Amino acid sequence: MPGVALAREYKYMCSDPGQELIRQDIRDHGLDRIVVAACSPHLHEKTFRHAVAEAGLNPYYFHMVNLREHDSWVHADKPAAAAKAMDLIRAAVRRVRWHVPLERRQAPIHANALVVGGGIAGIDAALTLASAGKHVYLVEREPTIGGHMAQFDKTFPTLDCAACILTPKMTAVKSNPNITLWSYSEVRRVEGYVGNYDVEIRRKPRYIIEDLCVGCLECIQACVFKQAKVPDEFNLGLGKRKPVYIPFPQAVPQLVVIDPETCIEFKSGKCKKTCVEVCAERNAIDFKQKEKIENIRVGTIILATGFETFDPVRVPYYGYGLYPNVYTSLEVERLVNASGPTGGEIVLRDGRKPATVGIVHCVGSRDVNTNRYCSRVCCMYSLKLAHLIKEKTGAEVIEFYIDMRAPGKAFEEFYNRVAEEGVSFVRGKVADIYPAGNGDGRLILQAEDTLLGMVRKIPVDMVVLSVGLEPRPDANDVRRLFNIGCSGDGFFLERHPKLAPVSTFADGIFVAGCCQGPKDIPDTVAQSGAAAAQALALIDAGVIELEPNTAYVTEDACCGCKTCIPLCPYSAISFLEEKKARINEVLCKGCGTCVAACPSGSIRQNLFEDQQIFEEIGGILTYA
Amino acid sequence: MPEAFEPKIVAFFCNWCTYLAADLAGTSRIKYAPNARVVRVMCSGRVDPQFVMDAFAKGADGVLIGGCHPGDCHYQEGNYKALRRVELLKRLLRQMGVEEERFRLEWISAAEGERVKIVIDDMVEKLRALGPRVPARRQEVA
C-alpha cells in the first residue's frame with residue numbers, strides 16, 4: 001500500500017507489549033504516521049494516542065480502523081470481509097497523511113456537583129460528594145426526598161426496616177452544610193460542557209415560606225377540612241390526606257405543602273384560612289407564592305432519577321382496577337407498613353382479612369407484550385412480602401412464578417427460609433384472574449402448573465401483582481435535557497455496559513440507580529458510590545482536557561456571508577467588524593455542521609478536514 | 001456464470017448514535033451484508049454535500065448517512081441540518097441521473113444495533129436489483 005513503511009501484525013496491540021511495539025517502531029523506523037486496525041475507536045483510540053505520544057509523536061498523527069465491531073464480528077463471508085478490511089485500511093492510510101499535529105485544550109472544572117433525584121441513589125451520591133468537601137445541589141421533584149425506598153416496609157433479604165436505615169441518611173442530607181437541598185424542584189435547562197454546566201432549576205411553589213415553617217404541622221390539624229379527603233400520593237391512594245399535608249412523618253425537609261388543586265382558598269378564595277390563624281406570628285403560609293428560578297454552575301452532574309412501577313392496568317386479564325382485591329406490590333408495601341394507611345394491618349378494601357393470598361410474579365417483566373427484561377427485584381420482594389403477610393396474618397400465601405431468581409448475597413438462603421415457613425410455590429405464569437362467582441369476593445387465579453403439567457384454578461382472597469420496574473415516563477425528556485441516550489428498554493444508557501457503567505456519552509454526566517436499569521438497593525448504593533467517585537475524580541483533577549476537533553475559520557477565505565452564524569447551536573460563531581466570522585474555540589463542541597455549510601470552504605474542522613474525508617472516500621473506492 | 005454484482009456503499013455515520021449502533025451490532029455479533037464502509041464523522045450535520053458527490057464521482061454504488069433520531073442529536077440539531085441538505089441533494093442527484101435508492105439518510109440510535117443490519121441489508125438488496133451505476137467511473141489504484 002503506498003505510503004506504508006511498516007506493517008505489523010500482533011494479536012493484542014492494546015496490551016503493554018503491543019503498545020511498546022508501536023513505540024519501538026516509531027523510534028526505530030522514524031515513523032511519522034500510525035494506523036492501527038483493530039477494535040472500535042470508542043474503546044482504544046485513547047490508548048493508542050497515548051502510546052504514540054509517549055514515543056514523541058503528536059498523538060493526532062494516529063488514526064484507528066474499526067475492523068472488529070464493523071467488520072470481522074458482523075460478516076460471515078470471509079473474503080468479502082477481508083476486502084472490506086483492505087478498503088478501510090487504505091482509507092485510513094490515505095487519510096492519516098493529511099493529519100496535522102494538534103494540541104488538546106484545557107478547561108477548568110467547577111468544584112461542585114448537581115445530583116438530580118433524591119431517592120437512595122441521589123442521597124447516597126450527594127452525601128459521598130459532600131463528605132469529600134464538595135458542594136452539592138440535590139434537586140428532587142417531590143416535596144420530600146426518600147424516593148421509592150421510603151415507601152418500602154422492610155428490605156430483603158435481611159428484613160431491615162427501610163425507614164430505619166433510610167431516614168438517618170435523609171436527615172444527614174438536610175443537616176450537611178455542603179448540600180443545598182431543593183425539593184419540589186425540577187431541572188429546566190442545562191447548557192455548557194463538562195466542568196462548566198449552567199443549570200436552571202425551577203422551584204415549584206409549595207405556598208409555604210421555607211425559612212419560616214418550623215414543621216409543627218399545626219396547620220394540618222387546623223385545616224377547615226376536618227376529615228382528610230384527598231387520595232394520598234405517598235400511600236398510593238390507599239390513605240387520605242388534606243389539602244395541606246406532609247407526605248410522611250419523617251419527610252425531609254420537614255415542611256408542609258399546600259396542594260392548590262384541592263385547597264378551598266385556591267378554588268374559591270373564600271376559605272376561613274384557619275391554617276393561617278394557627279400559624280399566627282410564624283406567618284409561614286403564603287398563598288401568593290410564585291415559582292422561583294435558580295441558576296447554578298456546576299462541574300459535574302449525577303442523574304439518579306429512579307424508576308416507575310409498571311401500571312398493571314396494561315395487563316387487563318389481571319383485573320387490576322376492576323377487582324378491588326387485586327393490589328400492586330408497592331401498595332402492599334404500604335399496607336404492611338406500621339405507618340401506612342391501615343397502621344400495618346393487612347385488611348382488604350372490603351374490610352376483610354385475607355385467609356389466602358396469591359402473589360403473581362413477572363407482571364410487566366419477561367413478557368413480549370410489555371417489557372422483555374427481568375426487573376431483577378420482584379422475585380426477592382415477593383418473597384419478602386410473602387414472609388411479612390404470613391407473619392402478620394397467618395394467611396396461606398401462594399407464589400406463582402416463572403423462574404425463581406435469587407442471585408444475590410443471602411438471597412437463595414432467604415428463598416429457602418420463606419419456603420420453610422410454609423409459603424407455597426406454583427411454577428407457572430398466571431393466565432387469568434376472575435371472580436369466584438359465588439359472591440364471597442374471592443378471586444380465582446388460573447395458571448398452568450408447569451411442574452405438575454396441568455392447569456390449576458386456585459381461589460384466593462387477595463392478589464398481589466409483583467409489578468416490574470420501568471423507566472420514568474418522562475425519561476426521554478430528561479435524557480434530552482442532559483444530552484444523554486437511552487437503551488432499547490428506555491433506561492438511561494451507560495457509556496460501556498461493563499467498563500463504564502456509571503458514565504454516559506456526555507462527559508461529566510453520570511448515572512446511578514434504577515434510572516440506568518432495574519436494580520436492588522445494595523446495587524443502587526454501590527452504583528451511586530461509583531458515580532460519586534467518578535465525579536470526584538473529575539473535580540479533583542481540576543482541569544479537563546478537551547478533544548481538539550473544533551472548527552476554525554481561515555479568515556482570508558471567509559467572504560462574510562454569515563451562513564454559518566445561525567447554524568451553530570452553541571452561539572460559538574461571532575461576526576467581526578472586518579466582516580469575517582470567528583469561532584470561539586471554548587464554546588465550539590466540534591459537530592462540524594458549520595463546516596459542511598460554509599459555501600467558501602473557509603471553515604475547517606480539526607481532525608475532520610475536508611481533505612481527510614475525501615481521502616477516506618478515495619481509499620474506500622479504490623478498486624484494486 | 002458472471003459474478004453477482006456486489007454494490008459498494010460509502011456510509012457516513014455520526015459518532016454518537018449510528019457509529020455506536022454499528023459497534024453494538026458488532027458486540028452482539030449481528031450478521032449483515034459486507035458492502036458498506038463507514039466513514040466516521042462527529043455529527044450527520046458534518047456531511048458536506050461535496051462528500052456525497054465525491055463518493056458517487058469515485059464510483060460508489062450507494063451513499064448512506066446515519067444520524068441520531070430527530071430531537072436526539074448530540075449537538076442538539078445537527079441531524080436536522082443533515083436532513084435539509086439531504087433533501088436538496090436528492091433533487092440534484094435525481095437530475096444527474098442517480099437513482100433515488102442510491103442515497104439514503106437513516107436515523108439509527110446507539111441502542112439500535114439490529115437496525116444497522118436492517119438498513120444495510122435492505123439497501124444492498126435494492127442496489128443489487130438496480131445494478132451498477134451507468135456510467136460507472138472507477139479510479140485507478142492510487
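Here the structure is a predicted model, which is why all the values come from computation and not from measurement. (Residues numbered from 1 in each chain as written. Chains lettered and ligands numbered in written order. Predicted model: local features only at pLDDT ≥ 70, side-chain atom pairs only at ≥ 80, totals over all residues. Heavy atoms only, no water.)

Side note on the overall build of chain A
Tallying secondary structure elements over chain A gives 16 helices and 32 strands in all. Over its C-alpha atoms, taken along the principal directions, chain A stretches across nearly 85 × 70 × 40 Å. Expressed as a percentage of its 624 residues, the buried residues of chain A come to 55%. Sequence separation of at least 24 residues holds for 67% of the intrachain contacts in chain A that already meet a minimum separation of 6. Carbon and sulfur atoms form 52% of the exposed surface of chain A, whose accessible area is close to 26900 Å². (Helix = DSSP H or I, 4+ residues; strand = E, 2+ residues; numbered from the N terminus. Buried < 20%, exposed > 50% of the residue type's maximum accessible area, 1.4 Å probe, protein only. Contact = heavy atoms within 4.5 Å. Areas by Shrake-Rupley, 256 points an atom, 1.4 Å probe, with all protein chains shown as cover.)

Brief notes about the sheet that holds strand 8 (residues 179-182) of chain A
Residues and elements named next belong to chain A. Here five strands make up an open sheet; going across it, the order is 8-5-4-16-27 and the pairing parallel. The sheet is open, and its two edges are formed by strand 8 and strand 27 (509-511), each paired on a single side. Between one strand axis and the next, the sheet turns by 20° as a mean value, whatever way the strands run. Both strand 16 (residues 300-303) and strand 27 contribute to a ladder of three bridges, which runs parallel. Bridge pairing in strand 27 places isoleucine 302 opposite phenylalanine 510. (Pairing = 2+ DSSP bridges. Axes fitted to C-alpha atoms, helices over the stretch in contact; angles between N-to-C directions.)

Here we look at a nonpolar patch on the surface
Residue and element names in this part refer to chain A. On the surface, Met1, Val4 and Met86 cluster together to form a nonpolar patch covering roughly 250 Å² of accessible area. By the element assignment, methionine 86 lies in helix 4 (residues 78-96). On the accessibility criterion, methionine 86 (41% relative accessible area) is partly exposed. (Patch = residues over 30% accessible without salt bridge, like charges linked within 9 Å, V, L, I, M, F, W, Y side chains within 5 Å. Salt bridge = Lys/Arg side-chain N within 4 Å of Asp/Glu carboxyl O.)

Concerning the nonpolar core
Residues and elements named next belong to chain A. Ranked by size, the top nonpolar core spans 86 residues in total, and within it Leu114, Val199 and Ile301 carry the most contacts. Broken down by element, this core gets its largest block of residues, eight residues, from helix 5 (residues 120-131). When residues are assigned to domains, this core turns out to be shared by domain 2 (105-204 + 291-307 + 471-546) and domain 3 (218-278), each giving three or more. Of all hydrophobic cores here, the second largest spans 55 residues; its members include Tyr381, Met404, Ile458 and Leu465. (Core = buried A, V, L, I, M, F, W, Y, C linked by side-chain atoms within 4.5 Å. Domains from an automatic or database assignment.)

Examining the interface of chain A and chain B
Reports often express the size of an interface as the amount of accessible area lost when the parts come together. Contacts between the two partners involve 52 residues from chain A and, on the opposite side, 57 residues from chain B. Where chain A abuts chain B, roughly 4800 Å² becomes buried across the two surfaces, and 58% of that area is made up of carbon and sulfur atoms. The tally of links between chain A and chain B comes to six salt bridges. The interface formed by chain A and chain B contains 25 residue pairs in polar contact (both at pLDDT 80 or more). If you list the elements that add at least two residues to the side of chain A that touches chain B, you get helix 2 (41-54), helix 3 (68-72), helix 4, helix 13 (475-482), helix 15 (593-597) and helix 16 (610-620) of chain A. Looking at the side of chain A that touches chain B, the element that brings in the most residues is helix 16 of chain A, giving seven residues. (Buried area = accessible area lost by both parts, 1.4 Å probe. Polar contact = N/O pair within 3.5 Å; in protein donor to acceptor, adjacent residues only side chain to side chain.)

Side note on the confidence of the model for chain B
For chain B, mean pLDDT is 91; residues scoring 70 or higher make up 92% of the total. Two summary scores accompany this predicted model of the complex, namely pTM at 0.86 and ipTM at 0.94. (pLDDT = per-residue confidence, 0-100.)

As for the pairing of strand 20 (residues 396-401) of chain A
All names here are of chain A. Most of strand 20 is tucked away, with five of its six residues classed as buried. Examined bridge by bridge, strand 19 (residues 356-363) and strand 20 share five bridges and lie parallel to one another. Looking across to strand 20, one finds that valine 357 is bridged to valine 397. Regarding topology, helix 11 (residues 378-393) serves as the crossover connection from strand 19 to the parallel strand 20, and that connection is right-handed. Assessed by its sense of winding, the connection that carries the chain from strand 20 through helix 12 (residues 411-420) to strand 21 (residues 424-427) is right-handed. (Right-handed = clockwise from strand over helix to strand, strands pointing away.)

Overview of unusual backbone geometry
All names here are of chain A. Along the chain, phenylalanine 156 connects to proline 157 via a cis peptide bond; the corresponding omega equals -10°. On the secondary structure map, proline 157 appears in the loop between strand 6 (154-155) and strand 7 (160-161). Of note, the bond from valine 252 into proline 253 is cis; its omega dihedral lies within 30 degrees of zero at 0°. The topology assignment puts proline 253 in the loop between strand 13 (244-245) and strand 14 (257-258). With a phi angle near 65°, leucine 159 is a residue other than glycine that sits in the positive phi range. Among the structural elements, leucine 159 can be located in the loop between strand 6 and strand 7.

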